[in-house]
Amino acid sequence: MMNKRYELNKELAQMLKGGVIMDVTTPEQAHIAEEAGACAVMALERIPADIRAAGGVSRMSDPKMIQGIQEAVSIPVMAKCRIGHFVEAQLLEAIEIDYIDESEVLSPADDKFHINKTKFNVPFVCGAKDLGEALRRINEGASMIRTKGEPGTGDVVQAVRHMRMMNQEIARLSSMREDELYDAAKTLQVPYELVLYVHEHKRLPVVNFAAGGVATPADAALMMQLGAEGVFVGSGIFKSGNPKKRAAAIVQAVTNYTDAKLIAELSKDLGEAMVGINESEIELLMAERGK
Amino acid sequence: MTIGVLAVQGAFIEHEKMLEKLGVDCFEIRKSSDLDRPFDGLILPGGESTVMGKLLHSLNIFDTLKSKILQGMPVLATCAGLILLAEHLTEDSTVHFGTMPVTVKRNAYGRQLGSFYTEENFKGLGKIPMTFIRAPYIDKVSPEAEILATVDGNIVGARYKNQLGISFHPELDESTAIHELFLTMVKGASSN
């Protein structure tokens, strides 16, 4: 991979910062998302809540369906492939997707190896529960990270846990003596150079978004105040009573995430939020896929 | 001198870091009350123009910013920012501020696989780094606007009075040349 290509891919993620990336399943939903102010859309056949309900093996979406969404909007279009399924990724690259999400939401195709993302020209975003996972994905070539959260639940608790964990570990690395970083690299199972970067810059070397369980403007603002640079909203929008209004409200809440007065206004009359499932009621923990 | 940086979405922090490097004060414009503070120049950053265009209205900052631009406040607009300034968009009836007499083609280089880096001449600055991310270019300029840079025959930088519109991302590379050029415009405007 040309090093410049990786830079350009990290830079596209920088352009998405302060924005909301929304899951959509049809060109009509993609339109609604773009109109509401989404900075990108994630094209998939079934949103995580429905994947959860349907059970069975969940795979990359039909390329025709993804292309329908690419034609419907002018903002970047992302799509998911299964963890380790590098051929699905090759197909997504062939249809010139803007970002591939190697995602735990789909059934993993490989229970040991992730995709070698350095072999691709299109960028990858990957989920992470903690700093080790994030840096391992970056080492494999991911140019953007998101918390895993617990997709399709409408329960933000896991996204919060993952973001806090990441922040704590970054703070710990930052405060270490330099001679302690070698051991930290060993523990995190990542190259020393990545550990050194985090130590020096007090942040990940790529953009970090929140994802998994965000359902309200307040959820989105919570993740931003915890340090997310933007937010993915999956089932939260199109599983709710008034998707248009809720989507627009979440977009504004992400821009002005410390303005409680505004967010209170935005939270009025949004209709029903997605029903949601509590963490303890879930049978399948997607966040445990791919470490 | 103080610069206001539109910070509703996108890569605004990168611009702030550039200004910091050049020792210039700046603040973020996220809502209408931010516009109560005095400032001498405006930066419209890269990001998604559809998002910024929408938020400018829903957060009630559109009218004030537009009148400031029309009154002559110097503006540096990069990528999505250039789309906000454009009087026309190619094959698209959307107009945001519409204060710069140019026609801009969105996603002119296609999707992310078309993003690229190059080094080209910029009028008065010599060869500078240029990073294009899902970038637009300028299809047409009116005779009053001055073309400042072209890449492969496409216009990627132009100036019209107080407005400097650029289709690449000077905030992402090491060179501070574009920001210095903008600050010269700001100094010129405030000494008038």
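Residues numbered from 1 in each chain as written. Chains lettered and ligands numbered in written order. Predicted model: local features only at pLDDT ≥ 70, side-chain atom pairs only at ≥ 80, totals over all residues. Heavy atoms only, no water.

Asks: Looking at this structure, I do not really get the overall build of chain B. What am I missing?
Replies: Of regular secondary structure, chain B possesses five helices and twelve strands. On C-alpha atoms alone, chain B measures out to a radius of gyration of 15 Å, which is about the 16 Å that the 2.2 N^0.38 rule sets for 192 residues. Dimensions of chain B, computed from C-alpha atoms along their principal axes, come out at roughly 40 × 35 × 30 Å. Taking all 192 residues of chain B together, the buried fraction comes to 59%. Looking at chain B alone, contacts between residues at least 24 apart form 64% of all its contacts between residues at least 6 apart. Of the roughly 7,500 Å² of accessible surface on chain B, 45% is carried by carbon and sulfur atoms. (Helix = DSSP H or I, 4+ residues; strand = E, 2+ residues; numbered from the N terminus. Rg over C-alpha atoms; globule rule 2.2 N^0.38 Å. Buried < 20%, exposed > 50% of the residue type's maximum accessible area, 1.4 Å probe, protein only. Contact = heavy atoms within 4.5 Å. Areas by Shrake-Rupley, 256 points an atom, 1.4 Å probe, with all protein chains shown as cover.)

Asks: How should I be thinking about the environment of Lys17(A) in this particular structure?
Replies: Relative to the helices and strands, Lys17(A) resides in the loop between helix H1 (3–16) and strand S1 (20–24). For Lys17(A), a relative accessible area of 9% translates into the label buried. Through-space distance from the C-alpha of Lys17(A) to that of Gly241(A) is 27 Å; in sequence the pair is 224 residues apart. Side-chain polar atoms of Lys17(A) contact the side chain of Glu14(B), separated by 2.6 Å. (Polar contact = N/O pair within 3.5 Å; in protein donor to acceptor, adjacent residues only side chain to side chain.)

Asks: Honestly, the side chain of Arg146(A) in this entry has me stumped. Any pointers?
Replies: Residue and element names in this part refer to chain A. Looking at the element boundaries, Arg-146 is found in strand S6 (residues 144–147). Within the structure, the side chain of Arg-146 is placed 2.9 Å from the side chain of Asp-101, a separation counted as a polar contact. In terms of polar contacts, Arg-146 uses its side chain to reach the side chain of Glu-104, at 2.9 Å. With residues near it in sequence (within four places) discarded, Arg-146 still touches Asp-101, Glu-102, Ser-103, Glu-104, Val-125, Cys-126, Gly-127, Ala-128, Asn-208, Phe-209, Ala-211 and Phe-232.

Asks: Teacher, can you tell me more about the pairing of strand S12 (residues 163–166) of chain B here?
Replies: Side chains on a regular strand alternate between the two faces of the sheet. Residue and element names in this part refer to chain B. Of the two faces of S12, the one lined by Gln-163 and Gly-165 and the one lined by Leu-164 and Ile-166 are each fully buried. Taken together, the four bridges between strand S4 (residues 75–78) and S12 define a ladder with parallel strand orientation. In the sheet register, Leu-76 faces S12, and the bridge partner there is Leu-164. In terms of strand pairing, strand S11 (residues 154–160) meets S12 through four bridges, oriented antiparallel. Paired with Arg-159 across the strands is Leu-164, a residue of S12. Between S11 and S12, which pair antiparallel and follow one another directly, the connecting turn spans two residues, one of which, Lys-161, has a positive phi of 50 degrees. (Pairing = 2+ DSSP bridges.)

Asks: Explanation requested: the confidence of the model for chain B in the structure shown.
Replies: In this model, chain B carries an average pLDDT of 97, and 99% of its residues clear a pLDDT of 70 or more. For this predicted complex, the interface score ipTM comes out at 0.95, alongside a pTM of 0.95. (pLDDT = per-residue confidence, 0-100.)

Asks: Which parts of the structure should I look at to understand the environment of Lys291(A)?
Replies: All names here are of chain A. Tracing the backbone shows Lys-291 in the segment after helix H13 (260–266). Expressed as a C-alpha distance, the spacing of Lys-291 and Ala-128, which sit 163 residues apart in the sequence, is 7.8 Å. Filtering out sequence-adjacent residues up to four positions away, Lys-291 remains in contact with His-114, Lys-129, Glu-133, Arg-136 and Arg-137. In terms of polar contacts, Lys-291 uses its side chain to reach the side chain of Glu-288, at 2.9 Å.

Asks: Just to check I follow, could you spell out the nonpolar core for this structure?
Replies: Side chains that are nonpolar tend, in soluble globular proteins, to be buried together. Core analysis: the largest hydrophobic core is formed by 105 residues, its most contacted members being Met144(A) and Leu6(B). Val24(B), Ile166(B), Ala177(B) and Met185(B) belong to the second largest nonpolar core, which has 29 residues in total. (Core = buried A, V, L, I, M, F, W, Y, C linked by side-chain atoms within 4.5 Å.)

Asks: Can you walk me through the interface of chain B and chain A in this structure?
Replies: Interface size is commonly expressed as the accessible surface area that is lost when the partners come together. Every contact between the two is made by 34 residues of chain B and, on the other side, 36 residues of chain A. Of the roughly 2,800 Å² buried where chain B meets chain A, counting both sides, 56% is carbon and sulfur surface. Counting the surface chain B buries against chain A, the share from its top three residues, Arg111(B), Gln112(B) and Leu113(B), is 26%. Linking chain B with chain A are three salt bridges, by the criterion used here. With its nearest N and O atoms 3.2 Å apart, the salt bridge here joins Asp259(A) to Lys31(B). In this structure, the connection of chain B to chain A is made through 20 residue pairs in polar contact (both at pLDDT 80 or more). Looking at the side of chain B that touches chain A, the elements with two or more residues in it are helix H1 (12–21), helix H2 (49–58), strand S7 (116–122) and strand S8 (126–132) of chain B. With five residues, H2(B) is the single largest residue contributor to the side of chain B that touches chain A. (Buried area = accessible area lost by both parts, 1.4 Å probe. Salt bridge = Lys/Arg side-chain N within 4 Å of Asp/Glu carboxyl O.)

Asks: Can you walk me through H1(A) in this structure?
Replies: Because each turn of an α-helix spans 3.6 residues, side chains separated by three or four positions in sequence point in the same direction. Residues and elements named next belong to chain A. Compared with the 20 Å implied by 1.5 Å per residue over 14 residues, the 21 Å span of H1 between its first and last C-alpha is a close match. Within H1, eleven of the 14 residues are buried, which leaves the element mostly enclosed by the surrounding structure. All buried positions along H1 are accounted for by Arg-5, Tyr-6, Leu-8, Asn-9, Lys-10, Glu-11, Leu-12, Ala-13, Gln-14, Met-15 and Leu-16. Following H1 by one or two positions, Gly-18 has its phi on the positive side, about 70 degrees. (Expected span 1.5 Å × (residues − 1).)

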